[in-house]
Amino acid sequence: MGNTETLFERAKKVMPGGVNHPECAFGAVHGIPRFIEKGEGSQIYDVDGSVCTDYVCSWGSLILGHNHPDIRRMVAETIQDGLSFGAPTRLEVAMAELMVHMVPNVDKVRIVNSGTEAVMSALRLARGFTGREKLIKFDGCSHGHCDSMLVKAGSGVLATGQPDSPGVPAGTAKDTLVATYNDLTEVERLFAEHNGEIAAVIVEPVAVNMGVVPPEPGFLAGLRALCDQNGALLIFDEISTGFRIAPGGAQEVFGVRADMVTFGKVIGGGMPVGAYAARGEIMDDVAPAGPVYQAGTFSGNPVAIAAGLAQLTLLHEHPEIYVYTGALGKQLERGFRFLAQKHRIPATVGRFHSLLTLFFHNGPVTCGKQARESSTEAYAAFFNGMLAGGSYFAPSQFEAAFLSSAHTQAELEQTLLTADTVLAEMAP
Ligand code: PLP
């Protein structure tokens, strides 16, 4: 047995499924996970000596690639003075100032430790601020693993949400209403049926967690209008898109104002950081300024913030990074579209900026239901072929490929050459 197999056997004995994040287990692609020893730029190195071009990039956190020297330096300098204090530091203040400067329509930020925590806290704040309890989310959008978001649509017109995991109380799920992504009429209907009860609509402004599905023209503006008409807050969950699709995220790109925004991934520079932000009137409801309680031993941890602040500072000072990573996204999309056509594979590409999914589906894919019609078996064949050829994509059809400024056009060409061979073998 190689190191990989041995490690996975050991891991399975002491961790559920052998992993700490279900998607890492390779179950959907019928494989076993790679155990990574180090990352450098766009490359990852595993314990058996394989080197791959990485299109996962710590689930999108590493927009500057692995082991960026400026981030490493800032972390190394910070740890000289200790790891954690349980008291505020200069770094947190600088990080919050930079976020407020870069993101439109937000005055204040609360930093937490993960995306899930950011969403959970933002939803509590939305409920506290509005005095209402119900939420609207979209089928196929994922907002982490807090109970109120692990909810699927019930059947029937007036149905309320159903738990999407054992352990989620039915009472919690009933307050989450589920609509179809890109379908404003369903949202309108839910507002009408639950008049005066809806605290917030939470949406991935570009959906990433059903695979990449961009919003159709007018969808986000329509949500804004419906929230305004009904006194509800609009929450953009930008944990995957924040500081990735533009310095100011989806609000900047689509010109639609959100009431609250959640962040994770890129803001941590590879370390566990999340945040939620809004205008002052809303954020001042959070403890200790206001009555909505939320706290955390490690929130604003200096080492984590050092990494995040270094990454955000580079993004702020070098907006050309966004032009470059967006162009890489376009290159990969064009290549995949051309190859799918060449080999007559029923496939379509969902892409926004540097986020991309090759759906094994004839298309179009505009919502969760359509995304789920994709062939997960075809994706598994594609994934395993690409991995054998040295390109590491997400081990699930319903995830994005994430590009970084460390990727080169030549590496993408190499990946497309591998895809040419893999898709040729898959051709009908
Ligand atoms: N929301 C969105 C849009 C995400 O993409 C994710 C993670 O992929 C989360 C929430 C959950 O974040 P975390 O995994 O840091 O808890």
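Residues numbered from 1 in each chain as written. Predicted model: local features only at pLDDT ≥ 70, side-chain atom pairs only at ≥ 80, totals over all residues.

The name given to the chain in an unreviewed UniProt entry is Glutamate-1-semialdehyde 2,1-aminomutase, and the organism recorded there is Ethanoligenens harbinense. UniProt's Subunit (unreviewed entry) comment on the chain is quoted here verbatim: "Homodimer." In the Pathway (unreviewed entry) part of its UniProt record, the chain is described as follows: "Porphyrin-containing compound metabolism; protoporphyrin-IX biosynthesis; 5-aminolevulinate from L-glutamyl-tRNA(Glu): step 2/2." (UniProt positions renumbered as here; feature names shortened; annotations may be inferred.)

1. A few points about the packing of helix H4 (residues 90–102) against helix H11 (residues 302–317)
The N-to-C vectors of H4 and H11 enclose an angle of 35°; their axes lie 9 Å apart at closest approach. Crossing of H4 against H11: the hand is left-handed. When H4 is examined against H11, the residues Leu91, Glu92, Ala94, Met95, Leu98 and Met102 are found in contact with a partner set consisting of Pro302, Ile305, Ala306, Gly308, Leu309, Leu312, Thr313 and His316. (Axes fitted to C-alpha atoms, helices over the stretch in contact; angles between N-to-C directions. Helix = DSSP H or I, 4+ residues; strand = E, 2+ residues; numbered from the N terminus. Left-handed = near helix turned anticlockwise from the far one by under 90°. Contact = placed C-beta atoms within 7 Å.)

2. Some thoughts on the sheet that holds strand S11 (residues 260–263)
Strand order in the open sheet formed by seven strands is S4-S12-S11-S10-S9-S5-S8, with mixed pairing between adjacent strands. The open sheet has two edge strands with one neighbour each: strand S4 (108–112) and strand S8 (176–180). Direction aside, the axes of adjacent strands within the sheet are offset by 20° on average. Pairing between strand S10 (residues 233–237) and S11: three bridges, direction parallel. (Pairing = 2+ DSSP bridges.)

3. Side note on the environment of Thr116
Within the element layout of this structure, Thr116 appears in helix H5 (residues 115–130). Exposure remark for Thr116: the 19 C-beta atoms within 10 Å place this residue in the partly exposed category. (Buried ≥ 20, exposed ≤ 12 C-beta atoms within 10 Å, placed from the backbone.)

4. Quick look at the site of the ligand
By nearness alone, 16 residues border the ligand, and Gly115, Thr116, Gly144, Ile239 and Ser240 come closest of all. Looking at the shell around the ligand, the element that brings in the most residues is H5, giving three residues. Taken together, the residues of the shell around the ligand break down into four nonpolar, 10 polar and two charged. (Near = placed C-beta within 6 Å. Nonpolar A, V, L, I, M, F, W, Y, C, P; charged D, E, K, R; others polar.)

5. Section: the pairing of strand S9 (residues 198–203)
For S9, a buried count of six out of six residues is recorded, marking the element as mostly surrounded by other parts of the structure. Both S9 and S10 contribute to a ladder of four bridges, which runs parallel. Note on S10: the bridge partner recorded for Ile202 is Ile235. Regarding the hand of the β-α-β motif, the stretch spanning S9, helix H8 (residues 219–230) and S10 is right-handed. (Right-handed = clockwise from strand over helix to strand, strands pointing away.)

6. A word on the UniProt feature "modified residue: N6-(pyridoxal phosphate)lysine" (unreviewed entry) in the chain
Feature annotation in UniProt assigns "modified residue: N6-(pyridoxal phosphate)lysine" (unreviewed entry) to the following positions: Lys265. Relative to the helices and strands, Lys265 is located in the loop between S11 and strand S12 (274–278). When sequence neighbours within four positions are dropped, the list of residues in contact with Lys265 reads Trp59, Gly60, Ser61, Gly115, Ile239 and Ser240.

7. Observations concerning unusual backbone geometry
The residue after Ala287, namely Pro288, is reached through a cis peptide bond having omega 5°. Looking at where Pro288 falls in the secondary structure, it is placed in the loop between helix H10 (280–283) and H11. Here Gly363 and Pro364 are connected by a cis peptide whose omega angle stands at 0°. Mapping Pro364 onto the fold places it in the loop between strand S14 (355–359) and helix H13 (368–372). One non-glycine residue, His30, adopts positive backbone phi at about 55°. Inspection of the secondary structure assignment puts His30 in the loop between helix H1 (3–14) and strand S1 (36–40). A tally of 12 C-beta atoms within 10 Å means that His30 is categorised as exposed. Within the chain, Asn67 stands out as a residue other than glycine whose phi angle is a positive 55°. Topologically, Asn67 is positioned in the loop between helix H2 (57–60) and helix H3 (69–79).

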